[in-house]
Amino acid sequence: MIDQQGGPPDRQPAIRVTTMPADTNPYGDIFGGWLMSHMDMAAGLFASRYSRGRAVTVAVEGMKFHSPVSVGDEVSVYAELVKVGRTSMTIEVQAWRRGRHVEESCLVTQAHFVFVAVDAEKRPRPVEQIA
């Protein structure tokens, strides 16, 4: 389980990106959809690597937005496997922001992403786990 209280996980994020003005809503905050798309990319990278092949998003569960993100913030997205089925994987994903000139990080978004491993014909296939 990812530590939500003590700061971001003590490992490399799946994705790290700097927010830009084009990513904002009319109020100047970063779009929730922008955050969600980066979380989906991070979970997809994790799912494809874990299942050793193509994996597709089938559900996003419990999406929570805790805090806004501003232009210039660094957003780090962490992914962790929480459940494996025969063809599916549930991945906990959290996005943390860090101001451009500070070290303190803040949890901004979290959700569970469910992926299914698929074959070349896009049919579900058994998950081939990394040894």
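Coordinates for the structure precede this section.
These figures come from a predicted structure and were not determined experimentally.

1. Description of the pattern of salt bridges
Phase 1: Applying the stated criterion to the full structure yields five salt bridges.
Phase 2: Across the pair Arg 123 and Asp 119 runs a salt bridge whose closest N-O atoms are separated by 3.5 Å.
Phase 3: A salt bridge links Arg 123 to Glu 121; the shortest N-O distance between them is 3.4 Å.
Phase 4: Exposure remark for Arg 123: the relative accessible area of 49% places this residue in the partly exposed category.
Phase 5: Taking relative accessible area as the criterion, Glu 121 reaches 52% and is therefore assigned exposed.

2. Concerning the sheet that holds strand 2 (residues 55–65)
Phase 1: Read across the open sheet, the five strands follow the order 1-3-4-5-2; overall the sheet is antiparallel. Both outer strands of the open sheet, strand 1 (15–18) and strand 2, are each paired with one neighbouring strand and no more. Neighbour-to-neighbour, the strand axes of the sheet open up by a mean angle of 25 degrees, direction not taken into account.
Phase 2: With four bridges joining them, strand 1 and strand 3 (residues 74–84) adopt antiparallel strand pairing. When the sheet's bridge partners are listed, Val 17 is paired in strand 3 with Val 75.
Phase 3: Where helix 1 (residues 32–51) meets the sheet, its contacts fall on strand 1, strand 2, strand 3, strand 4 (88–98) and strand 5 (105–117), and the angle it forms with strand 5 comes to roughly 50 degrees.

3. Let's talk about helix 1
Phase 1: Over its 20 residues, helix 1 extends 28 Å from the first C-alpha to the last, a length consistent with the 28 Å expected when each residue adds 1.5 Å.
Phase 2: Within helix 1 the residues assigned to the buried category are Trp 34, Leu 35, His 38, Met 39, Ala 42, Ala 43, Gly 44, Ala 47, Tyr 50 and Ser 51.
Phase 3: One or two positions beyond helix 1, positive phi appears at Arg 52, with a value near 55 degrees.

4. Thoughts on the packing of aromatic side chains
Phase 1: In this structure the tally under the stated criterion is one aromatic pair.
Phase 2: With centroids separated by 6.4 Å and ring planes inclined at 5 degrees, the aromatic side chains of Phe 46 and Tyr 50 adopt a geometry described as stacked. Of this pair, Phe 46 and Tyr 50 are both found in helix 1, four residues apart, which corresponds to roughly one turn of the helix.
Phase 3: Note on Tyr 50: relative accessible area 16%, which makes it buried.

5. Quick look at the environment of Glu 104
Phase 1: As for its position among the elements, Glu 104 is in the loop between strand 4 and strand 5.
Phase 2: Residue class for Glu 104 comes out exposed when judged on its relative accessible area of 67%.
Phase 3: Remark: the alpha-carbon pair of Glu 104 and Arg 11, spanning 93 residues in sequence, is separated by 16 Å.
Phase 4: Setting aside residues no more than four positions away along its own chain, Glu 104 makes contact with Arg 97, Arg 98 and Gly 99.

So, how was this worked out
Residues numbered from 1 in each chain as written. Predicted model: local features only at pLDDT ≥ 70, side-chain atom pairs only at ≥ 80, totals over all residues. Heavy atoms only, no water. Salt bridge = Lys/Arg side-chain N within 4 Å of Asp/Glu carboxyl O. Buried < 20%, exposed > 50% of the residue type's maximum accessible area, 1.4 Å probe, protein only. Pairing = 2+ DSSP bridges. Helix = DSSP H or I, 4+ residues; strand = E, 2+ residues; numbered from the N terminus. Axes fitted to C-alpha atoms, helices over the stretch in contact; angles between N-to-C directions. Contact = heavy atoms within 4.5 Å. Expected span 1.5 Å × (residues − 1). Phe/Tyr/Trp six-rings, centres within 6.5 Å; stacked < 30°, edge-to-face > 60°.

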